[in-house]
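# Examining the three-dimensional arrangement
Letter by letter, the chains look like this.
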Amino acid sequence: MLEDIRFERHFRTPYSEGYYIMQGNSLQNNNRLGTVDIHFTTTAVHGTLILERELEETELTKLIEQIDEDLVLSADMPRDDFLVSVYVGRDVGFFSDEYFAEENNEATDFEDNELR
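Parameters and conventions
- Numbering of residues starts from 1 in each chain and follows the order in which that chain's sequence is written.
- For a predicted model such as this one, the threshold for reporting local features is a pLDDT of at least 70, and the threshold for listing and counting side-chain atom pairs is 80 or more; totals across whole chains, interfaces and linings nevertheless cover every residue.
- Side-chain descriptors were evaluated using all non-hydrogen atoms of the structure, hydrogens and water having been removed beforehand.
- Each helix corresponds to a stretch of at least 4 residues labelled H or I by DSSP, and each strand to a stretch of at least 2 residues labelled E; elements are numbered beginning at the N terminus.
- Type-normalised accessible area, obtained with a 1.4 Å probe on protein chains alone, sets the label of each residue: buried when under 20%, exposed when over 50%, and partly exposed for intermediate values.
- Contact definition: two residues touch when any of their heavy atoms are within 4.5 Å.
- Here, Shrake-Rupley sampling with a 1.4 Å probe gives the accessible areas, and only protein chains in the shown set may cover a residue.
- Polar contacts, as used here, are pairs of N or O atoms within 3.5 Å; protein pairs need one atom able to donate a hydrogen and one able to accept it. Residues neighboring in sequence count only if both atoms are side-chain atoms.
- Each nonpolar core is a collection of buried residues, namely Ala, Val, Leu, Ile, Met, Phe, Trp, Tyr and Cys, held together in the definition by side-chain atoms within 4.5 Å.
- For Phe, Tyr and Trp, where Trp contributes only its six-membered ring, two rings pair if their centres lie within 6.5 Å, and the inter-plane angle classes them as stacked under 30 degrees, edge-to-face over 60, or tilted in between.
- Pairing between two strands requires that DSSP report at least two bridges joining them.
- Seen with the strands pointing away from the viewer, any crossover whose path from the first strand over the helix to the second strand runs clockwise is right-handed.

A few words on the overall build of the protein chain. Check the secondary structure of the protein chain and you find two helices and five strands. Along its sequence from the N terminus, the protein chain presents helices and strands in the succession β-β-β-β-α-β-α. Burial statistics for the protein chain: of 116 residues in total, 27% are counted as buried. For the protein chain, the proportion of contacts with a sequence separation of at least 24, taken over those separated by at least 6, is 41%. Within the structure as shown, the protein chain displays about 8500 Å² of accessible surface, and the carbon and sulfur contribution to it stands at 47%.

We now examine the side chain of serine 16. Structurally, the position occupied by serine 16 is in strand S2 (residues 16–23). The class of serine 16 is buried, set by a relative accessible area of 9%. Of the polar contacts made by the side chain of serine 16, one reaches the side chain of threonine 13; its length is 2.6 Å. Setting aside its immediate chain neighbours within four residues, serine 16 contacts Phe11, Ile38, His39 and Phe40.

Attention now goes to unusual backbone geometry. Positive phi is not limited to glycine here, since aspartate 76 has a value of about 55 degrees. Mapped onto the elements of the fold, aspartate 76 is located in the loop between helix H1 (57–72) and strand S5 (81–88).

Glancing now at the nonpolar core. Judged by nonpolar contacts, the single largest core of 18 residues is most densely connected at Ile21, Val36, Ile38, Leu49, Leu63 and Ile67. Those elements that place two or more of their residues in this core are strand S1 (5–13), S2, strand S3 (32–40), strand S4 (44–51) and H1. It is H1 that provides the largest number of residues to this core, a total of five residues.

The subject of this paragraph is the packing of aromatic side chains. The tally for this structure, following the rule as stated, stands at four aromatic pairs. Relative to tyrosine 99, the ring of phenylalanine 95 has its centre 4.9 Å away and its plane inclined at 80 degrees; by these criteria the two rings are edge-to-face. For phenylalanine 95, a relative accessible area of 46% corresponds to the partly exposed category. Judged by relative accessible area, which is 32%, tyrosine 99 ranks as partly exposed. Three or more aromatic residues joined by ring pairs make a cluster, and in this case those are Phe95, Tyr99 and Phe100.

It is a general feature of regular strands that their side chains alternate between the two faces of the sheet. As paired strands, S4 and S5 are joined by eight bridges and run parallel to one another. Within the sheet, the bridge partner assigned to leucine 49 lies in S5 and is valine 86. Read as a crossover between parallel neighbours, the route from S4 over H1 to S5 is right-handed.

Right under this line is the structure:
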């Protein structure tokens, strides 16, 4: 079932990386399966895997193995273990300082109009 999986990096620091997990080659559809954040410590690698749909256990273990092979082992960081926390959820939005600044400006504009 999990064919054509690819990883698109969306951030990198000296000791961590984050990837979108994409399935298939279609650019027209939202084909994101989830995200994975990987954090390298001196003895272990910690992963947080967030899936946007449930997978069968065999598919999940294959995905974790592919993450290990393609992303963790290729990073050339020593490790004793790869520890993965897995969650299933949905994306509810993206928030940033710019979003909150716009929200604050809209609230201020509303209050100014009320006072007049």
